[in-house]
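# Structural overview for review
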Amino acid sequence: MTHRTRGTVLPDRTRSAIFIGHGHFDHAADAGRVAQASGAVVHGTAEHCANIAAQVTGPAFPTVAHGDAGTPIGTREDCTVGEVEVTVVRHLPSARTPPDPVDGSPRFFPRPEPGIVFTHPPALSGLLQNWPRLRDPEGGVLLYQFRVPGLRLVWHDSTGPLTERAPQVFDTLAALPATDIQIGAVQGYNQISNGLRDPRTYIEALRPGLFVPSHHDNWLPGLTASAATYDAPLRAELERIAAPRRPELRALHDPEDHLRPQRLTFAL
């Protein structure tokens, strides 16, 4: 495990921040415009920061790079943003691996839901905006833990096959301060071979009290689906975790839960 620590507290103007998990178009295409309009600092890898800065013209916005393309998988870095302690962990993107005969799960092919896409097609302006961003590189994958007194939250927008390709990351995750809430990606390429094993292994390492599934929006029929489609296989996957360590599950169903901020509002 590699561990790096930033020795400085970032100045007050960095209290507004945008944290990038990875740089694909469906995650970071608007980051430059949002940062420029809000004055927020963009946190990500050096590649994320450079690509996002290149999305816009005009006034530059500040960025903070946490490693680059050569940073070893499993590297941990700590910093402080305002009054929030932040730990950044380099991990893996989702990827398909051969079926795991020991710890794998049933393959999961979400039922296509094209009706939703046809009923609510993307606007032309959105297509024109996103088309140039389709080839935006991943730029590395980061997981974040945010800590304030009384609350520790982990967020990651990709969930990789650590079992085969980077098992050392499990030790890095397990060594983090105890996690209260984990907001983690459940949709990924490995669901075709190993079901929802990869999300479960992240949960097992982090041991959160509450798990909120994410990265399951229905936009590419045959691979992605609505949150409700993931409910049954995800609950079955969580049943594989011993009851004392099994987190509460709080799904966000589109669109009703996306309009209820109290669903993810927590008292400290």
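See the structure shown above.
In what follows, the accompanying structure is described. (Residues numbered from 1 in each chain as written. Predicted model: local features only at pLDDT ≥ 70, side-chain atom pairs only at ≥ 80, totals over all residues. Heavy atoms only, no water.)

## As for a nonpolar patch on the surface
- Taken together, the side chains of L124, L127 and L128 define a hydrophobic patch exposed on the protein surface, amounting to about 330 Å² of accessible area.
- Owing to a relative accessible area of 45%, L127 belongs among the partly exposed residues under this scheme. (Patch = residues over 30% accessible without salt bridge, like charges linked within 9 Å, V, L, I, M, F, W, Y side chains within 5 Å. Areas by Shrake-Rupley, 256 points an atom, 1.4 Å probe, with all protein chains shown as cover. Salt bridge = Lys/Arg side-chain N within 4 Å of Asp/Glu carboxyl O. Buried < 20%, exposed > 50% of the residue type's maximum accessible area, 1.4 Å probe, protein only.)

## Observations regarding empty space enclosed by the protein
- In total, this model carries three cavities of 30 Å³ or more according to the counting rule given.
- For the largest cavity, the calculated volume is near 60 Å³.
- Classifying every residue of the lining of the largest cavity by side-chain character gives four nonpolar, seven polar and one charged. (1 Å grid on protein atoms, 1.4 Å probe; cavity = no way out; pocket = protein on both sides within 12 Å on 5 of 7 lines; lining within 4 Å. Points joined across faces, edges and corners; volume = space filled by probe spheres on them. Nonpolar A, V, L, I, M, F, W, Y, C, P; charged D, E, K, R; others polar.)

## Some thoughts on the pattern of salt bridges
- Here the structure, examined in full by the defined rule, presents 17 salt bridges.
- We note a salt bridge from R33 to D30, for which the minimum N-O separation is 3.5 Å.
- By relative accessible area, which is 34% here, D30 ends up partly exposed.
- Of the charged contacts, one joins D78 and R147 as a salt bridge, the two residues approaching to 3.9 Å between their closest N and O atoms. Here D78, found in strand β5 (residues 76–81), pairs with R147, found in strand β7 (residues 141–148); they are 69 residues apart in sequence, far enough to count as distant.
- Put simply, D103, R200, E204, E237 and R240 are held in one network by salt bridges that share partners. (Helix = DSSP H or I, 4+ residues; strand = E, 2+ residues; numbered from the N terminus.)

## Description of the sheet that holds strand β2 (residues 17–19)
- A sheet is described by the order of its strands in space; here three strands give the open sequence β2-β3-β4, paired in parallel fashion. Pairing within the sheet leaves two strands with one partner each, and these edge strands are β2 and β4 (63–65). Direction aside, the axes of adjacent strands within the sheet are offset by 20° on average.
- Relative to strand β3 (residues 41–44), β2 is paired through three bridges, and the arrangement is parallel. Note on β3: the bridge partner recorded for A17 is V41.
- Sitting on the sheet, helix α3 (residues 46–53) touches β3 and β4, and the angle it makes with β3 is about 140°. (Pairing = 2+ DSSP bridges. Axes fitted to C-alpha atoms, helices over the stretch in contact; angles between N-to-C directions. Contact = heavy atoms within 4.5 Å.)

## Examining the nonpolar core
- Ranked by internal contacts, the top residues of the largest apolar core, which has 15 residues, are F19, V86, Y144, F146, I181 and V212.
- At the level of secondary structure, the elements contributing two or more residues to this core comprise β5, β6 (84–91), β7, β8 (151–156), β9 (181–185) and β10 (210–214).
- For this core, the leading source of residues is β7, giving three residues.
- Every residue in contact with F19, bar those within four places of it in the chain, is listed here: H43, V81, V86, Y144, F146 and W155.
- By size, the runner-up hydrophobic cluster in this structure holds 13 residues, among which are L92, L143, Y202 and A205. (Core = buried A, V, L, I, M, F, W, Y, C linked by side-chain atoms within 4.5 Å.)

## With respect to the pairing of β10
- With five of its five residues buried, β10 lies for the most part within the structure.
- As defined by bridge partners, β10 adjoins strand β11 (residues 248–249) across two bridges and the pair is classed as parallel. For L210, the partnering residue across the bridge sits in β11 and is E248.

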